[in-house]
Amino acid sequence: MPELVQAILQGDRRALARSITLVENDTAQGQQTLDALFPKTGKAHVVGITGASGAGKSSLVNCLVDILIQQDPKLQVAVIAVDPTSPFSGGSVLGDRIRMRAIAENPNVFIRSMASRGALGGLAHNTQAVSLVLDAAGYDFILVETVGAGQSEVEIASLAHSVLVVEAPGLGDDIQAAKAGIMEIADILVLNKADKADVDAAEMALRSMLAMGYPSTKTDGSVWVPPILRTVATDGKGVAEVVNAIQAHAEFLHSTGTWQQRDQTRLRAFLHGLLERKRNQEWQQFIQKEEFKQVLKKIYIHELSPYAAVEQLQSISFLKNSH
Ligand SMILES: Nc1nc2c(ncn2[C@@H]2O[C@H](COP(=O)(O)OP(=O)(O)OP(=O)(O)O)[C@@H](O)[C@H]2O)c(=O)[nH]1
Ligand SMILES: [Mg+2]
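Since we're looking at a predicted model, the values are computed, not measured.

Definitions and cut-offs
- Residues numbered from 1 in each chain as written.
- Chains lettered and ligands numbered in written order.
- Predicted model: local features only at pLDDT ≥ 70, side-chain atom pairs only at ≥ 80, totals over all residues.
- Heavy atoms only, no water.
- Helix = DSSP H or I, 4+ residues; strand = E, 2+ residues; numbered from the N terminus.
- Buried < 20%, exposed > 50% of the residue type's maximum accessible area, 1.4 Å probe, protein only.
- Contact = heavy atoms within 4.5 Å.
- Areas by Shrake-Rupley, 256 points an atom, 1.4 Å probe, with all protein chains shown as cover.
- Salt bridge = Lys/Arg side-chain N within 4 Å of Asp/Glu carboxyl O.
- Axes fitted to C-alpha atoms, helices over the stretch in contact; angles between N-to-C directions.
- Parallel < 35°, antiparallel > 145°, perpendicular 65-115°, else oblique.
- Left-handed = near helix turned anticlockwise from the far one by under 90°.
- Core = buried A, V, L, I, M, F, W, Y, C linked by side-chain atoms within 4.5 Å.
- Pairing = 2+ DSSP bridges.

Asks: Mind showing me how you'd approach the overall build of the protein chain here?
Replies: Along its length, the protein chain carries 13 helices and seven strands. Sorting the 323 residues of the protein chain into buried and exposed places 45% on the buried side. A fraction of 77% describes how many contacts in the protein chain between residues 6 or more apart in sequence connect residues 24 or more apart. Of the roughly 17,100 Å² that the protein chain leaves accessible, carbon and sulfur atoms contribute 55%.

Right, here's the structure in full:
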């Protein structure tokens, strides 16, 4: 077993940090490390925390970590904070770091920031790889914070066992959940900033939206209906209930067999992502920029259809590949 892998399994945090960088940068050593660690994965509870910018996700994560490690001092909790690339949120990212410093000093807590780099599909792929490393390293909970920016909500659903959608009053003209797809991925709805005056209206909006998604709720426990929980993440109010809901959701997933299903969905999405990337790499390797430009030119003048272009590029790539 490589030294780095052994060090990670023995709880060496510097080795862990280094291997995460290797994995994040897609290096061969990173892949080998993950290969060696993979049989040790499959134990962690991955919790996604998503929602609009400024909803209070980082503040909530802070409280969640606090409560989790207080409840069980042996528990190991990791946080992956995916930095939005938007320059507008630069300030709050820095703020997150300062606030997180206190909990980051706890030896049972590991915090990692990742750049989302705006790459389509890159978020899920890299985050999944990093969360597998943390899983192998023995972290019981892996909390992944991503800013809800369309694509990433769907991605978070493909890599977490439980998804928390954080809403807050006063973020816009309507509650963010109105965005297509977000109610479908929520396992727990957190209505943060419950100290604000317009929280009742926000909760009503959330409830009616939830009712649309779950019209006839079975009460036999076979269906998980996302609870709506009010919090004030800046002072921790209501966050213990969120921790309870996360634990209840894990129990639900286990008792209904959906835990395994979600695990398989995550791994399948990861494999698909890797295959796609590999194909793209091969494709870029065999098709010269100039050849691509030529094809593109023909498309621009409406001479070659994009379908036919794919065929053409594929045959170029196939010819070179077989040499
Ligand atoms: N009044 C009030 N303010 C809050 C609450 N939770 C967070 N805030 C404030 O809202 C701002 C944004 O909080 P963050 O936790 O950084 O929000 P975020 O969702 O992580 O933001 P991004 O990572 O930028 O998307 C900060 O100034 C917090 O202090 C709350 O419950 N009540
Ligand atoms: Mg944040």
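Asks: I would appreciate a short explanation of the side chain of His 249 in the present structure.
Replies: Among the secondary structure elements, His 249 is positioned in helix α10 (residues 239–256). Residues in contact with His 249, not counting those within four places in the same chain, are His 161, Ser 162, Asp 187, Trp 224 and Arg 262.

Asks: Hey, could you run me through unusual backbone geometry in this one?
Replies: Glycine aside, a negative phi is what most residues show, and trans is what most peptide bonds show. With phi around 60°, Asp 26 is a residue other than glycine that occupies positive phi space. Looking at the element boundaries, Asp 26 is found in the loop between α2 (13–24) and α3 (28–37). You can call Asp 26 partly exposed: its relative accessible area is 32%. Positioned with a positive phi, Lys 193 is a non-glycine residue whose angle comes to about 60°. Topologically, Lys 193 is positioned in the loop between β6 (188–191) and α9 (199–213). For Lys 193, a relative accessible area of 22% gives the class partly exposed.

Asks: What's the story with the pattern of salt bridges in this structure? I'm lost.
Replies: Pairing of side chains with opposite charge becomes possible as their charged atoms draw close. Here the structure, examined in full by the defined rule, presents eight salt bridges. The salt bridge involving Arg 277 is made with Asp 26; its shortest N-O contact spans 2.4 Å. Taken as a pair, Arg 277 in helix α11 (residues 258–286) and Asp 26 in the loop between α2 and α3 lie far apart in primary sequence, 251 residues in all. For the salt bridge of Arg 230 with Glu 203, the shortest nitrogen-to-oxygen distance reads 2.5 Å. Here Glu 203 lies in helix α9 and Arg 230 lies in strand β7 (residues 228–230), a separation of 27 residues in the sequence. Note on Glu 203: relative accessible area 14%, which makes it buried. Three or more residues joined by partner-sharing salt bridges are found here, namely Asp 200, Glu 203, Arg 207 and Arg 230.

Asks: I tried to follow the packing of helix α12 (residues 289–300) against helix α13 (residues 306–321) on my own but got confused; where do I start?
Replies: When two helices pack together, you describe them by how their axes are tilted relative to each other and by the distance separating the axes. Across the interface, α12 lies against α13 with an axial gap of 10 Å and an inter-helix angle of 165°. Compared by their axis directions, α12 and α13 come out roughly antiparallel. In the crossing of α12 with α13, the sense of the turn from one axis to the other is right-handed. Contact residues: Glu 291, Phe 292, Val 295, Lys 298 and Ile 299 in α12; Pro 306, Ala 309, Gln 312, Leu 313, Ile 316 and Lys 320 in α13.

Asks: Looking at this model, I keep getting lost on the nonpolar core. Mind explaining?
Replies: In globular proteins that are soluble, nonpolar side chains generally tend to be buried together. Counting residues in hydrophobic clusters, the biggest one holds 46 residues, and the most contacted among them are Leu 16, Ile 80, Leu 134, Tyr 139, Ile 142, Val 144 and Leu 189. Looking at this core, the element that brings in the most residues is helix α6 (residues 122–136), giving six residues. When neighbours within four sequence positions are excluded, Leu 189 is seen to be in contact with Val 165, Met 183, Leu 206, Leu 210, Pro 226, Pro 227, Ile 228 and Leu 229.

Asks: I'm lost on the pairing of strand β1 (residues 45–51) in this one. Help?
Replies: For a regular strand, side chains alternate in direction, first toward one face of the sheet and then toward the other. The buried fraction of β1 is high, at seven of seven residues. Side chains of β1 alternate between two faces, with His 45, Val 47, Ile 49 and Gly 51 and Val 46, Gly 48 and Thr 50 buried alike. In terms of strand pairing, β1 meets strand β4 (residues 141–147) through seven bridges, oriented parallel. Note on β4: the bridge partner recorded for Val 47 is Leu 143. The sheet contact formed by β1 and strand β5 (residues 162–167) spans five bridges and is parallel. The residue of β5 that forms the bridge with Thr 50 is Val 165.

Asks: How should I be thinking about the sheet that holds strand β2 (residues 77–83) in this particular structure?
Replies: Picture the strands of a sheet paired through backbone hydrogen bonds; they go either parallel or antiparallel. If you trace the seven strands from one edge of the open sheet to the other, you get β3-β2-β4-β1-β5-β6-β7, paired in parallel fashion. The open sheet terminates on both sides in strands that have one partner only, identified here as β3 (109–115) and β7. Mean inter-strand twist for the sheet, computed between neighbouring axes without regard to direction, equals 20°.

As far as function goes, none of this settles anything; it's purely spatial.
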